[in-house]
Amino acid sequence: QQQVKQSPQSLIVQKGGISIINCAYENTAFDYFPWYQQFPGKGPALLIAIRPDVSEKKEGRFTISFNKSAKQFSLHIMDSQPGDSATYFCAPGGTQGGSEKLVFGKGTKLTVNP
Amino acid sequence: DTGVSQDPRHKITKRGQNVTFRCDPISEHNRLYWYRQTLGQGPEFLTYFQNEAQLEKSRLLSDRFSAERPKGSFSTLEIQRTEQGDSAMYLCASSLTGGARELFFGEGSRLTVL
């Protein structure tokens, strides 16, 4: 788990604000960089993912920014809504050697106040 | 509902007992994963199947843990001689694509060992 560090642990934003969550990793073999969203009592669900040959990917209000040299990637949620309140996990993985393992961070609990 | 189904959703057992969890993946998905999640942590990879073959196992999967996927359909995860440290949410996920892309998680089976 120490291979992946997420920050902050928790985040409170107002409705309409921007939420930013960061993820730092150590393993340079990682070649897939997803963010998962988890609501209480549910399993994680894939939110958005990026490959290392791209520096940014946007899907609706969600954007991933990727910095390969710094070994970091971040999730930006624009116009945050109360329905976005959940725990977010970065979970980089790599297929070097055929591994199918994702390494999840400890999570960031996001609360969006109305 | 055509998502990943897990059973039972909750299991309370006494230390030393054996427990078994079942996972039914999305029907056309040939890849199946087991993860374990403890409170306040991200999911940790346990094992991975492609069809009926168990191709990857984490060192977390001690000798007391065994997973099977007969006929490449549903999977079972058995924990023998449970210990209090086994208390966790056991998550199953399935995927159609390789490289741990696009994992679809079930809602998990919560184990409490008294």
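Residues numbered from 1 in each chain as written. Chains lettered and ligands numbered in written order. Predicted model: local features only at pLDDT ≥ 70, side-chain atom pairs only at ≥ 80, totals over all residues. Heavy atoms only, no water.

A. Quick peek at the sheet that holds strand β1 (residues 4-7) of chain A. All names here are of chain A. In spatial order, the strands read β1-β3-β8-β7-β6; together these 5 strands make up an open sheet with antiparallel pairing. Each edge of the open sheet carries a strand with a single partner, namely β1 and β6 (56-59). Here the strands of the sheet are splayed against their neighbours by 15 degrees on average, with no regard to which way each runs. Relative to strand β7 (residues 62-67), β6 runs antiparallel, the two sharing 4 bridges. (Pairing = 2+ DSSP bridges. Helix = DSSP H or I, 4+ residues; strand = E, 2+ residues; numbered from the N terminus. Axes fitted to C-alpha atoms, helices over the stretch in contact; angles between N-to-C directions.)

B. Up close: the nonpolar core. Formed by 24 residues in total, the largest nonpolar core has its most connected members in A:Phe33, A:Trp35, A:Ile48, A:Phe73, A:Leu75, A:Tyr88 and A:Leu110. Counting only elements with at least two residues in this core, the list comes to β2 (10-14), β3 (19-25), β4 (33-38), β5 (45-50), β7, β8 (72-77), β9 (86-90) and β10 (108-113) of chain A. (Core = buried A, V, L, I, M, F, W, Y, C linked by side-chain atoms within 4.5 Å. Buried < 20%, exposed > 50% of the residue type's maximum accessible area, 1.4 Å probe, protein only.)

C. Local environment of unusual backbone geometry. For the peptide bond that leads from A:Ser7 to A:Pro8, omega is -5 degrees, which places it in the cis range. Checked against the element boundaries, A:Pro8 lands in the loop between β1 and β2. For the bond from B:Asp7 to B:Pro8, the omega torsion is -5 degrees, close enough to zero to count as cis. Checked against the element boundaries, B:Pro8 lands in the loop between β1 (5-7) and β2 (10-13). Its identity as a non-glycine residue notwithstanding, A:Lys71 has a phi of 55 degrees, on the positive side. Inspection of the secondary structure puts A:Lys71 in the loop between β7 and β8.

D. Up close: the environment of A:Gly41. Here A:Gly41 shows up in the loop between β4 and β5. Considered as a pair, A:Gly41 and A:Gly17 are 24 residues apart in the sequence and their alpha carbons are 26 Å apart. Those residues in contact with A:Gly41, other than ones at most four positions away along the chain, are B:Arg9 and B:Glu107. (Contact = heavy atoms within 4.5 Å.)

E. Looking closely at the state of the cysteines. Evaluation of the coordinates by the stated rule reveals 2 disulfides over all chains. Disulfide partner of A:Cys23: A:Cys90, at an S-S distance of 2.0 Å. Taking the torsion about the S-S bond as the criterion, the A:Cys23 to A:Cys90 disulfide, at about 70 degrees, is right-handed. In this pair, A:Cys23 sits in strand β3 while A:Cys90 sits in strand β9, placing the two residues 67 residues apart along the sequence. Grouping residues by exposure puts A:Cys23 and A:Cys90 together as buried. Covalently, B:Cys23 is tied to B:Cys92 through a disulfide, its sulfur atoms 1.9 Å apart. The sign of the S-S torsion, about -70 degrees, decides the handedness of the disulfide formed by B:Cys23 and B:Cys92: left-handed. Placement of B:Cys23 in strand β3 (residues 19-24) and of B:Cys92 in strand β9 (residues 88-95) is noted, with a sequence separation of 69 residues between them. Judged on exposure class, the residue B:Cys23 and its partner B:Cys92 are both buried. (Disulfide = S-S within 2.5 Å.)

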